[in-house]
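Understanding the architecture of this molecule
Given next are the chains, with one letter for each unit.
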Amino acid sequence: MACSTGKFLALLMFCGLTYLMLTHASPIHSITNHVSSVVSSEVGDKSIINGSFGFKRLLRKPPRLPPRLITRKVNSANKSIAKSNKKSKWTSRRKSVQKAFIHAWSGYKNYAMGYDELMPLSKRGVNSLGGLGATVVDALDTAMIMKLDDVVFEAGSWIEKHLPERILRKGQVNLFETTIRVIGGLLSAYHLSNSNPTYKGPTPSVYLENAKKLADRLLTAFTSSPTAIPFSDVVLHDHTAHAAPDGLSSTSEASTLQLEFNYLSFLTGEQKYSVEAMKVLEHMKTLPKVEGLVPIYISPSSGEFSGANIRLGSRGDSYYEYLIKVWLQQRQSNLTYLHDMYVEAMKGVKHLLVKKSKPNGLVFVGELPYGVDGGFSPKMDHLVCFLPGTLALGATKGITKAKAMEEDLLTFEDLENLKLAEDLAKTCFEMYAVTSTGLAPEIAYFNSEGYSEEGLDGGNKASEYIHDIVIKHADRHNLLRPETVESLFILYRITEDSKYREWGWSIFKAFEKYTKVDSCGYSSLDDVTMLPPRRRDKMETFFLGFTIIWKEKQVVPISDNTQIIYFCTLRAHNSCKTLTSKLFTCSCRQL
């Protein structure tokens, strides 16, 4: 009985479903009667009336839906357009920077060719660096990277014709300034022209030979000294050297010669350059320090540090910079003591010198003018803005952060240093943004615990940090320094964060607006907090060495799959050096 009842119910259900299929209105009720009738006429199906189904409808294929727009393709198209727009924007900006470089070079060429520096207001030249034509050499490799053939030819021809005689006949020059600006520039030009024989001008050997002749005379500063610390000054024409009037050398100057001299030894095969320069660091390794930090003066007579003043600004800065960069350059030589000195020093910086401003917490690096037992000063030179780039290079060794993370190469300390690098880069940028001109002062102070001053702000009332940064009247000048833009360049390459590029562009626009002299060149400023700012009659040689920051990543990569690392040695010259996994192979000016 139960089985018969089940069969009956199943039959009844089947009949009910059949009835519904034959008589129920179409579920596709969103299709209008007009559309239904058009479709019916096209297919010859007269059974579709007012949207209901006939039996033939059961045998028809369902209507084809309109094609879907694939989201992936839309997104890809949008990304392609955005990428094209971004490339176009930066192409335009690079052209603006190139135009600025040409304006600066043209002013120098027209009014000061062969002099060390241009005085753009009085339209004349001045020999403030010994008379070796420092601007010619400083600008040459920048012109090469920018592919400005006419400038390359003009500068290269001047070097070939005039520099050899000047090396023989000129008088006193500073060892440090001459090394980083002239020898560094010549080696950069040699590398770039040797790598690309299409450059106009003399053969690459001209640059190398002049670098060697000049270095042979500068070696006197090392060989005349009774210790490993070289004298500060050399007289070129009679091969003599002597100390500064106070008998002391700057710690940074004595320890900022090694990259150039090492590379010269590599190129010539003559080890005397490298041996003398490296003796300095080897000797400094043995001297007492305060958590890796050192005083800013050292005596070539005694070989000992002098005084207790500790800072990462003038006379101290590039000691710390060259520790990590020389180690990177010489990694195959197993000079681990340099890396150890750098690591210890950065720990000391974080422990003794890094503080936060009030009220908004900008991270800054202060000073110990009377040593670790004296008081802390919340003073930060613009020169200290080399440190963000150096910290970033020390953390990733030149590769991108993403690649270093992917390969699990970063220690906790590396990540901490990279975070500090980004925090300090923001502070350096805000030193620009806080002023009326958008250009940084030579020195800033920070309201912080134990220190507060009012009425000495930068003038930009819209800045969030107007009450954090103090700019004293004597410190308000701007010398067209490149430390900040170098660090922004390096951080952009390492973090791939476009904000650093935008910050750099903001700084460039401020230079264009307030330092450009329409008749010729660019000038330093007396006071960045005033509008319009008063101008100084001087264009530093390094101004022509930093604008190349806007070149595309592919032109001068920090690193690639062959482990080539480009980095800047900064100080006044901003030479960009190149390392490979086996040897130091170039010195190309970057910023």
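Residues numbered from 1 in each chain as written. Predicted model: local features only at pLDDT ≥ 70, side-chain atom pairs only at ≥ 80, totals over all residues. Heavy atoms only, no water.

**A look at the sheet that holds strand S4 (residues 233-235)**
The antiparallel open sheet is built from 3 strands, whose spatial order is S3-S4-S5. Unpaired on one side and paired on the other, strand S3 (172-174) and strand S5 (240-242) mark the two borders of the sheet. Across the sheet, the mean angle separating the axes of adjacent strands is 30° when strand polarity is ignored. As paired strands, S3 and S4 are joined by 3 bridges and run antiparallel to one another. Bridge pairing in S4 links Asn 174 to Asp 233. (Pairing = 2+ DSSP bridges. Helix = DSSP H or I, 4+ residues; strand = E, 2+ residues; numbered from the N terminus. Axes fitted to C-alpha atoms, helices over the stretch in contact; angles between N-to-C directions.)

**Quick notes on helix H4 (residues 134-145)**
Where burial is concerned, most of H4 is hidden: 12 out of the 12 residues are buried. Of all the positions in H4, only Ala 134, Thr 135, Val 136, Val 137, Asp 138, Ala 139, Leu 140, Asp 141, Thr 142, Ala 143, Met 144 and Ile 145 are classed as buried. After H4 finishes, the residue Lys 147 shows a positive phi value of roughly 60°. (Buried < 20%, exposed > 50% of the residue type's maximum accessible area, 1.4 Å probe, protein only.)

**Overview of the sheet that holds strand S6 (residues 249-250)**
Spatially, S6-S7-S8 is the arrangement adopted by the 3 strands of the open sheet, whose pairing is antiparallel. Looking along the sheet, the strands with just one partner apiece sit at the ends: S6 and strand S8 (305-306). With 2 bridges joining them, strand S7 (residues 297-298) and S8 adopt antiparallel strand pairing. Residue pairing across strands places Ile 298 opposite Phe 305, the latter belonging to S8.

**Here we look at the state of the cysteines**
Two cysteines whose sulfur atoms are joined by a covalent bond form what is called a disulfide. Tallying each qualifying case throughout the model produces 1 disulfide. With a sulfur-sulfur separation of 2.1 Å, Cys 385 is cross-linked through a disulfide to Cys 428. The chirality of the disulfide connecting Cys 385 with Cys 428 is left-handed, given an S-S dihedral of about -100°. Of this pair, Cys 385 sits in the loop between strand S11 (379-381) and helix H14 (387-396) while Cys 428 sits in helix H16 (residues 412-433); the two residues are 43 residues apart in sequence, bridging distant segments of the chain. With relative accessibility at 0%, the residue Cys 385 sits in the buried group. The class of Cys 428 is buried, set by a relative accessible area of 1%. (Disulfide = S-S within 2.5 Å.)

**With respect to helix H6 (residues 175-195)**
The end-to-end C-alpha distance of H6, which contains 21 residues, comes to 28 Å, matching closely the 30 Å that a straight helix rising 1.5 Å per residue would cover. Maximal helix bending in H6 amounts to about 25°, located at Gly 184. Counting buried residues in H6 gives 18 out of 21 residues, a clear majority hidden from the surface. Residue Asn 174 occupies the N-cap position of H6, its side-chain oxygen lying 3.0 Å from the main-chain nitrogen of Phe 176. (Expected span 1.5 Å × (residues − 1). Bend = angle between axes of the 7 residues up to and from the residue. Polar contact = N/O pair within 3.5 Å; in protein donor to acceptor, adjacent residues only side chain to side chain.)

**Focus on the pairing of strand S12 (residues 443-446)**
Neither face of S12 is left uncovered, since the one carrying Ile 443 and Tyr 445 and the one carrying Ala 444 and Phe 446 both have all their residues buried. As paired strands, S11 and S12 are joined by 3 bridges and run antiparallel to one another. Note that in S12 the partner of Lys 379 across the bridge is Tyr 445.

**Considerations on the environment of Leu 264**
The residue Leu 264 is located in helix H10 (residues 258-268) in this model. Distance in space between the C-alpha atoms of Leu 264 and Leu 208 is 8.3 Å, their sequence separation being 56 residues.

**Examining the pattern of salt bridges**
Tallied over the entire structure, the rule returns 25 salt bridges. Lys 272 is the salt-bridge partner of Asp 216, the closest N and O atoms lying 3.3 Å from each other. Of the two residues, Asp 216 is situated in helix H7 (residues 204-218) and Lys 272 in helix H11 (residues 272-285); the sequence distance between them amounts to 56 residues. For Asp 216, a relative accessible area of 25% puts it in the partly exposed group. (Salt bridge = Lys/Arg side-chain N within 4 Å of Asp/Glu carboxyl O.)

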